[in-house]
Amino acid sequence: MKKFLKISGISIGVLLLAMLILPFLFKDKIKGIIDDQIKKNINGQVWYNAESFSLSLFSHFPNLTVSINDIGLMSNAYAFKGDTLFAAKEFSLTIDVMSVISGDQIKVKGVFLDQPKVVTIYDKSGAFSWDITYPDTTTKAPEAPEEPSTMKISIEKWEIKDGTIIYDDQTMPMYAELKHFDHKGSGDINADIYDLKTYTKSTNVLVEYDGTTYLNGQTVVADATMNIDLGKSIYKFLENEFAVNDFKLGFDGAIEMPADDIKMDITYKAKETNFKNLLSLVPAVYNKDFETVKTDGTIGFDGYVKGIYNETTMPGFGLNMLIKDGFFQYPDLPEAVKNINMDLHVDDKDGIMDHTIVDLKKFHMEMGQNPVDARVLMNGMNPYDIDANILAKVKLDDVSKFYPIEGTTLKGLFGMDVKAKGKYSDSLKLMPMVTAKMDLTNGYVKSSEFPKPIENINVSAVAASDGDMKTSTFLLDYFKLLLDGEPFEMKAFVKNFDDPNYEASLKGIIDLAKMTKIYPIEGTTLTGRMVADMTTKGILSEVQAGNYLNTQTSGSLEISDLVYKSTDLPQGYTMKSGLLTLTPDRFNIASMKGLLGKSDYDITGYMSNYMGYMFGGKDSTIHGVMTMASRKFDVNEWMTDDPAPATAAPAEEVPMEVVEVPKNIDFTFNAAMDQVLYSNMDMTNMKGAIIVKDGIVKMNNLNFNSVGGTFLMGGEYNTQDITKPSFKMDMNMKDVEAKEAYKTFNTVKKMAPIAHYVEGKINMAIIMDGLLDKEMMPVYSTLNGKGSLSSGSVKILSNPVLGSIASLTKMKNMDPMEIKDLKINYTIQNGALIVAPFNIATGESKLAVTKGENHLDGSVDYDMQLNTPSGALGAEANKALSGLVGSSAVTMPKNIIIDLNVKGPYDKTKVSIVKTNFGEVDKTAMKDAAISEIKNSEQAKQVQAEVDKAKAQAEEEAAKQKAAAEAELKKQQDAAEAELKKQQDAANAEMAKQKQILEQKKKASEDSAKKAASDALKKGLKF
């Protein structure tokens, strides 16, 4: 037994040790796979907290859990560049550990996301934000079968906790936002047929479609089980429940998607018949102590969707809603809303919207003693065949008896009586028979937010038609009120709905601060005071044709202390004072002073065609000419939807967003501004014209001072195609500090990085055009243009390029470099800056640039020719040349000419010598001079003298011996002659030997000279 326990303990210990060690063994492998797959497949910026990357076998033993914190994805695609598509506090996967060990296939069995934010966008052009994968550029043989995926996903369950889901489809347009989104799901998605179980809840749902809000703040729950047949693409509803607040629906049926068409056969029905559940859909009721509201009554709610959905076809649909004896009462109020009865049917069997039938057979409710009745039958959409009757009589004093209105008092008698029968179509000029009247007598509104009441509210409006548009009329007989004792009155009359003849007048005082305290506008601050006295009379067709002289419009509008700020305009707008006068064709701005955000303005001028702009005439463009003065105008504040917080990064680091220029505005702004801030530019003394027209902002002779110099600028910013905003620029800069230009202009940083090392003032002219990205930055690959750069004197400080040249040539005046009378012409082609040949004089040296290119990736490619006095070279180079040439025969060449190539990344350029020559000195003559010098050297003279001396001694000895032999006996003659011959032979041998020594020394001298010349040339070629 002890042995068994011992073995078991050891086994458990080994297992625990393995569980601790294995994750560390495979952590880098899995992280490497993730990083590799992201790099290969995702066209975006993926970030995550690398320190948080962890693996564990304990969380879901025996599976491996991979967790990453603070993960996100930002798109790099052009239309959505910089948009965050996904972010999460935590992302974890549960993985089959054996698949990790084998390395062939990784099986993901579970997914968990904590606080994710997922954003999906279709822009106006139809571009999809999640189209972020790189295209597959591999080529496969047609007959080759597709290789199976290396990652097999076998998910047992998945979960999303407290997420935010945003869907923005600008093509419809539709916007949906689900906050506090929780979701759980499970299903064997590897199977061909399986049940998918999901539970979804969002406690704050916003749905907007085509400008109408359908859900705002409601809680939505979906608890569903679906049977999925992947082979047949059939999705069947099994057990399910869908709820908005307390209103719950059940679904039956199926959706089939065998091809592009979607076949739908779905029925739905309310799962509960309590009237209170339907009442929960009414936000005003649901948000006020809904659980304590007493209710009664029953409902019926059901419908269907059946047919084919595709790009051209909609399925048929129907809806039935029945309310019987509905009742609700707040427990603290004396009256109830009772006898709520409704019978509504909506039907469209073929899915053609023009065939829709809406039949409200009955609607009745009693608010205390105030009944409301309605009946509406609408058959078709074009034309509308209408038969309607609406009758309401409400004593406003009674409203607080059946609905709690905290802090508000209402008084007055409201009445409505509408009858309509016949067909209506604006395009077919059809009008039903109509009699309609609405009135409010002795109205009174008082709010605790503003103790002064709106009183003496009296409204009378009547509409009448005998079935003919031309004889139809609408009369606003009067709209009067007193606000804190200040009167306001408005009247209007319109006849002939085919071509409206109108009369309107407005007179009185409007205190916006008081109005918004009584009727708050969510997310908006609006204060100020307007005194209006305006009248207008005319015919709409005359307005639309621009015949303003046939209309009568006059009056004035005086504005003071106007302040407007909203979620859509967080920067805010104020008008300290304004005086506007009206004529039939012009809206004259006598004076308008205030602030746009933090920027002050003082505007005078006019706007014309303002009525055509309001009423959509033939020319619906509003025209204007204004003079705008400002002490300080900050453009950066308006280049993004959100204002920068107080702790925001400097202006040059704040990303901008594309601002669309309206196409129906034609304004000319004559600017006179003391200071303008744009991006990281600080411009002063700005004068010139800014023209806004046809979706384009143009600059005309705009001159200003900035970065130490003066600017004259023309150009345009074009948003006619908002998906591809573009710009054109024609700019002249004079006496601008080169370093400041580098700091200020991103284009200079990108295409001329050497400007960072330049001291001195430069002049530059440039004509350029290209596209802009979503952050209002140039798309460099689209830039094209031309220009020039000049300077009387600049100093180029030590930098990577000059440092490399100086190091190679050993030149004294190359790094740093002083340049006089600089003149450079260049072109810009697809973002590459191409320099025309130019010369630089620096000291006694000359540098000719024969080819120059700066590329988008920061690399350069320059061909240069350096012509420099030999004295300007370093000591090593001069020494090598002196050893080659020799001072006694040939003088040192005056100029050394070196052809250079500078290539590579700017901060790591490689400088190489293409070829060299030595000015006026011929290298062959140099070689012959060296050989001649050797021949006439002192060493050669000494050798020749020794040979001559030996020869003379031998001849003298021979003469003596000959005389002795003649005096001696004749018998020794032969011996003497033989001895003489022997000595002569010896002398000849000695001479041959000395000659051989001479030849060897001559050859050694020649070899030494050649070696010295070769070494000198090699040293010269190194620079």
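Check the entry above for the structure.
Bear in mind the structure is a predicted one, so any value in this text is a computation, not a measurement.

Visitor: Can you help me understand the overall build of the protein chain in this one?
Guide: Scanning the protein chain for helices and strands turns up 15 helices and 46 strands. The buried share of the protein chain, reckoned over its 1023 residues, is 37%. Intrachain contacts of the protein chain at a sequence separation of at least 6 include 53% that bridge at least 24 residues. As displayed, the protein chain has an accessible area near 57,100 Å², and 56% of this comes from carbon and sulfur atoms.

Visitor: Sorry, what's going on with the side chain of Thr-200 here?
Guide: Assignment of secondary structure puts Thr-200 in strand S8 (residues 193-209). Polar side-chain contacts of Thr-200 include one of 2.7 Å to the side chain of His-183. Not counting residues up to four positions away in its chain, the partners in contact with Thr-200 are Phe-181, Asp-182, His-183, Val-220, Val-221 and Ala-222.

Visitor: Can you help me understand the pairing of strand S42 (residues 838-842) in this one?
Guide: Side chains on a regular strand alternate between the two faces of the sheet. Only one face of S42 is buried, namely the one carrying Phe-838, Ile-840 and Thr-842, since none of Asn-839 and Ala-841 on the opposite face is buried. Bridge count for S42 against strand S43 (residues 845-854) is 5 bridges, and the pairing is antiparallel. Within S43, the position partnered with Ala-841 by the bridge is Lys-846.

Visitor: Just checking my understanding: could you explain the pattern of salt bridges for this structure?
Guide: Where charged atoms of side chains with opposite charge meet at close range, the side chains can pair. Inspection of every chain in the model, using the stated rule, returns 19 salt bridges. Here Glu-177 ties to Lys-179 by a salt bridge, and the two come within 3.5 Å at their closest N and O atoms. Since its relative accessible area comes to 35%, Lys-179 is described here as partly exposed. Lys-429 serves as the salt-bridge partner of Asp-498, at 3.1 Å between the closest nitrogen and oxygen. Of this pair, Asp-498 sits in the loop between strand S23 (486-495) and strand S24 (501-511) while Lys-429 is found in the loop between strand S19 (408-424) and strand S20 (433-447), placing the two residues 69 residues apart along the sequence. Through salt bridges with shared partners, a single ionic network connects Asp-484, Glu-486, Asp-511, Lys-514 and Arg-529.

Visitor: Just checking my understanding: could you explain a nonpolar patch on the surface for this structure?
Guide: Together, Met-172, Tyr-209 and Tyr-214 make up a nonpolar patch on the protein surface, roughly 320 Å² of accessible area in all. Summarising the element assignment, Tyr-214 is placed in strand S9 (residues 212-229).

Visitor: Mind showing me how you'd approach the layout of surface pockets here?
Guide: It is a probe the size of a water molecule, rolled over the atoms, that shows where empty space is left. Here the second largest pocket is characterised by a volume of approximately 2,000 Å³. Lining the second largest pocket are 40 residues; nearest its centre among them are Val-207, Tyr-214, Leu-215, Tyr-268 and Leu-319. Residues belonging to the lining of the second largest pocket are distributed by class as follows: 37 nonpolar, 2 polar and 1 charged.

Visitor: Looking at this structure, I do not really get the packing of aromatic side chains. What am I missing?
Guide: The geometry of an aromatic ring pair comes down to the distance between the two centres and the angle between the two planes. Going through the model one piece at a time under the given rule, you end up with 13 aromatic pairs. Taking 6.3 Å as the distance between ring centres and 65° as the angle between the ring planes, the aromatic pair formed by Tyr-122 and Tyr-167 counts as edge-to-face. Residue Tyr-122 is located in strand S5 (residues 117-122), and its partner Tyr-167 is located in strand S6 (residues 151-169); the two are separated by 45 residues in the primary sequence. On the basis of relative accessibility, which here comes to 26%, the residue Tyr-122 falls in the partly exposed class. Relative accessible area serves as the criterion here: at 29%, Tyr-167 is assigned to the partly exposed category. Ring geometry for Phe-667 versus Phe-669: centroids 5.9 Å apart, planes at 85°, classification edge-to-face.

Visitor: I would appreciate a short explanation of unusual backbone geometry in the present structure.
Guide: Most peptide bonds take the trans form, and the phi angle of most residues other than glycine is negative. In this structure, Pro-173 follows Met-172 across a cis peptide bond, with omega equal to -10°. Looking at the element boundaries, Pro-173 is found in the loop between S6 and strand S7 (174-186). The backbone of Asn-496 sits at a positive phi, close to 65°, despite the residue not being glycine. Position of Asn-496 among the secondary structure elements: in the loop between S23 and S24.

Visitor: Where do I start with the environment of Thr-473 in this structure?
Guide: Position of Thr-473 relative to the elements: it lies in strand S22 (residues 473-483). Using a relative accessible area of 24% as the deciding quantity, one classes Thr-473 as partly exposed. Put simply, Thr-473 and Ala-463 are 10 residues apart on the chain and 5.7 Å apart in space, counted from C-alpha to C-alpha. Apart from residues lying up to four places away in sequence, Thr-473 is in contact with Val-462, Ala-463, Ala-464, Phe-493, Val-494, Lys-495 and Phe-497.

Visitor: What should I look at first to understand the nonpolar core in this one?
Guide: Here is a general trend for soluble globular proteins: nonpolar side chains tend to be buried in one another's company. Residues Phe-704, Phe-711, Ile-766, Leu-822, Met-864, Leu-900 and Val-902 are the most contacted members of the largest nonpolar core, which totals 88 residues. Of all the elements, strand S40 (residues 817-829) adds the most residues to this core, at 6 residues. Setting aside residues up to four positions removed in sequence, Ile-766 forms contacts with Met-729, Asp-730, Met-731, Lys-786, Gly-787, Tyr-826 and Ile-828. In terms of nonpolar packing, the next biggest core, distinct from the first, is built from 43 residues, Val-337, Met-342, Leu-360 and Leu-440 among them.

Visitor: Got a minute to help me understand the side chain of Asn-854 in this structure?
Guide: Following the sequence through the fold, Asn-854 ends up in strand S43. Judged by its relative accessible area of 6%, Asn-854 falls in the buried class. Within the structure, the side chain of Asn-854 is placed 2.9 Å from the side chain of Tyr-862, a separation counted as a polar contact.

Visitor: Whenever I open this one, the pairing of strand S15 (residues 337-348) confuses me. Can you help?
Guide: Taken together, the 9 bridges between strand S14 (residues 316-329) and S15 define a ladder with antiparallel strand orientation. If you follow Gly-318 over to S15, its bridge partner there is Asp-347. Here S15 pairs with strand S16 (residues 357-367) via 9 bridges, running antiparallel. For Asn-341, the partnering residue across the bridge sits in S16 and is His-364.

So, how was this worked out
Residues numbered from 1 in each chain as written. Predicted model: local features only at pLDDT ≥ 70, side-chain atom pairs only at ≥ 80, totals over all residues. Heavy atoms only, no water. Helix = DSSP H or I, 4+ residues; strand = E, 2+ residues; numbered from the N terminus. Buried < 20%, exposed > 50% of the residue type's maximum accessible area, 1.4 Å probe, protein only. Contact = heavy atoms within 4.5 Å. Areas by Shrake-Rupley, 256 points an atom, 1.4 Å probe, with all protein chains shown as cover. Polar contact = N/O pair within 3.5 Å; in protein donor to acceptor, adjacent residues only side chain to side chain. Pairing = 2+ DSSP bridges. Salt bridge = Lys/Arg side-chain N within 4 Å of Asp/Glu carboxyl O. Patch = residues over 30% accessible without salt bridge, like charges linked within 9 Å, V, L, I, M, F, W, Y side chains within 5 Å. 1 Å grid on protein atoms, 1.4 Å probe; cavity = no way out; pocket = protein on both sides within 12 Å on 5 of 7 lines; lining within 4 Å. Points joined across faces, edges and corners; volume = space filled by probe spheres on them. Nonpolar A, V, L, I, M, F, W, Y, C, P; charged D, E, K, R; others polar. Phe/Tyr/Trp six-rings, centres within 6.5 Å; stacked < 30°, edge-to-face > 60°. Core = buried A, V, L, I, M, F, W, Y, C linked by side-chain atoms within 4.5 Å.

Treat this as a map of the structure, not an account of what it does.
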